[in-house]
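Given next are the chains, with one letter for each unit.
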Amino acid sequence: MTDNITAGSPASDTSLPGDGYVGDPAVRAEWDNRYADRQQLWSGQPNGALVAEVAGLTPGRVLDVGCGEGADTVWLARGGWDVAALEVSGVALERAAGHARDAGVAVRWVHAALTEAALPPASFDLVSAQYPALLRTPDAAAERALLAAVAPGGVLLLVHHAGMDTQQAHDSGFDPADYVWPSMVAALLTDDWKVEVNEQRPRVAPDGGAGTHHTDDLVLRARRLR
């Protein structure tokens, strides 16, 4: 992690602190290479499901999981949210920090894997994970980390591409069985949670950027009751 995120601390810095990545170096290298291959990987616009689902929420503390180049991060910060943005790729974080500076918004940057980040537990009013590449483990570490970060009364919003979870392994090395999907998180919800949305819907896709060929989203929105 590249900065000190503590419960209640204000977002006060748009600069990217010195490198202090916490996580698997191979995962970081994979994503750094993917971002380095293109000057801009994503559209630069906030994800449609995020915009739709957050519209009625009162801004508070938000964790943007897998913030990429920062489009969602900047949109949330402009909307009054106190944003902590987590990402494994240092290349992506540098771009995101530049976009935040250009927008004049303050963000706390976390250069870490979700399961390795020393996040304050139960402290975010919103945990947003838009199409995250979270690796699946026998102990469901990523799923549990998402849930653990949400404060009582807060919301978990997990959005993914419909149909990817049922695909066969690709020759490229992509195997859906290696990753976390919304159904796996939903299966861990207890009576401490209320499912507000759990559906497949047409994707509102920004123009340009990778992933525009996906037409439907899986949207899981759950509120932590206690």
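Every chain is numbered independently, its residues counted from 1 as its sequence is written. Only residues with pLDDT of 70 or above have their local features reported here, since the model is predicted, and side-chain atom pairs are shown and tallied only from 80 upward, although totals for entire chains, interfaces and linings are computed over all residues. Hydrogens and water molecules were not included; the side-chain quantities draw on all heavy atoms of the structure.

### Some details on the pairing of strand β2 (residues 82-87)
- Burial of β2 is extensive: 6 of the 6 residues sit out of reach of the surface.
- Think of it in three bands: residues with accessible area under 20% of the maximum for their type are buried, residues over 50% are exposed, and the middle band is partly exposed, with areas taken using a 1.4 Å probe on protein chains only. A run of H or I in DSSP becomes a helix once it reaches four residues, and a run of E becomes a strand once it reaches two; helices and strands are each numbered from the N terminus. Alternating residues of β2 divide into Asp82, Ala84 and Leu86 and Val83, Ala85 and Glu87, and every residue in both groups is buried.
- Seen with its strands pointing away from the viewer, a crossover is right-handed if its path from the first strand over the helix to the second goes clockwise. Where the polypeptide runs from strand β1 (residues 61-65) across helix α3 (residues 71-78) and back to β2, its parallel neighbour, the crossover connection is right-handed.
- Between the parallel pair β2 and strand β3 (residues 107-111), the chain is carried across by helix α4 (residues 90-103), and the sense of this crossover is right-handed.

### What to know about the nonpolar core
- We call a set of buried residues a nonpolar core when its members are Ala, Val, Leu, Ile, Met, Phe, Trp, Tyr or Cys and they connect through side-chain atoms within 4.5 Å of each other. One finds Leu63, Val65, Val127 and Leu146 to be the most contacted residues of the largest nonpolar core, which totals 27 residues.
- Among the elements that make up this core, the one with the highest residue count is helix α5 (residues 141-149) (5 residues).
- The contact partners of Val127, leaving out residues within four places of it in the chain, are Leu63, Val65, Leu146, Ala149, Val150, Val155, Leu156 and Leu157.
- Counting residues in hydrophobic clusters, the runner-up holds 26 residues, among them Val74, Ala77, Ala97 and Val105. In what follows, residue pairs with any heavy atoms lying within 4.5 Å of each other are defined as contacts.

### Digging into the sheet that holds β1
- Two strands are said to pair when DSSP picks up at least two bridges between them. Pairing is mixed across the open sheet formed by 7 strands, whose spatial order is β3-β2-β1-β4-β5-β7-β6. Taken across any chain shown, the strands that pair with only one partner, and hence form the sheet edges, are β3 and β6 (193-202). Going from strand to strand, the sheet's axes swing by 15 degrees on average, the running direction of each strand aside.
- Direction of pairing for β1 relative to β2: parallel, over a ladder of 5 bridges. Note on geometry: axes are C-alpha line fits, over the in-contact stretch for helices, and angles between N-to-C directions span 0 to 180 degrees.

### Some details on α4
- What a helix is expected to span follows from its residue count: subtract one and scale by 1.5 Å. Taking 1.5 Å of rise per residue, the 14 residues of α4 would be expected to cover 20 Å, and the 20 Å separating its terminal C-alpha atoms lies within 8% of that figure.
- What α4 keeps buried is the set Gly90, Ala92, Leu93, Arg95, Ala96, Ala97, Gly98 and Ala100.
- Where α4 begins, the capping side chain belongs to Ser89, and its oxygen is found 3.3 Å from the backbone nitrogen of Val91.
- A positive backbone phi angle near 75 degrees is found at Gly104, which sits one or two residues after α4. Side-chain atoms alone can form a polar contact between residues adjacent in sequence; in general such a contact is a pair of N or O atoms within 3.5 Å, and within protein one must be able to donate a hydrogen while the other accepts it.

### With respect to the environment of Asp64
- Examined against the element boundaries, Asp64 turns out to sit in strand β1.
- Overall, the relative accessible area of 2% leaves Asp64 in the buried class.
- For Asp64, the contacting residues outside a window of four places in its chain are Asp72, Thr73, Val83, Ala84, Ala85, Leu86 and Ser128.
- At 2.6 Å, the side chain of Asp64 forms a polar contact with the side chain of Thr73.

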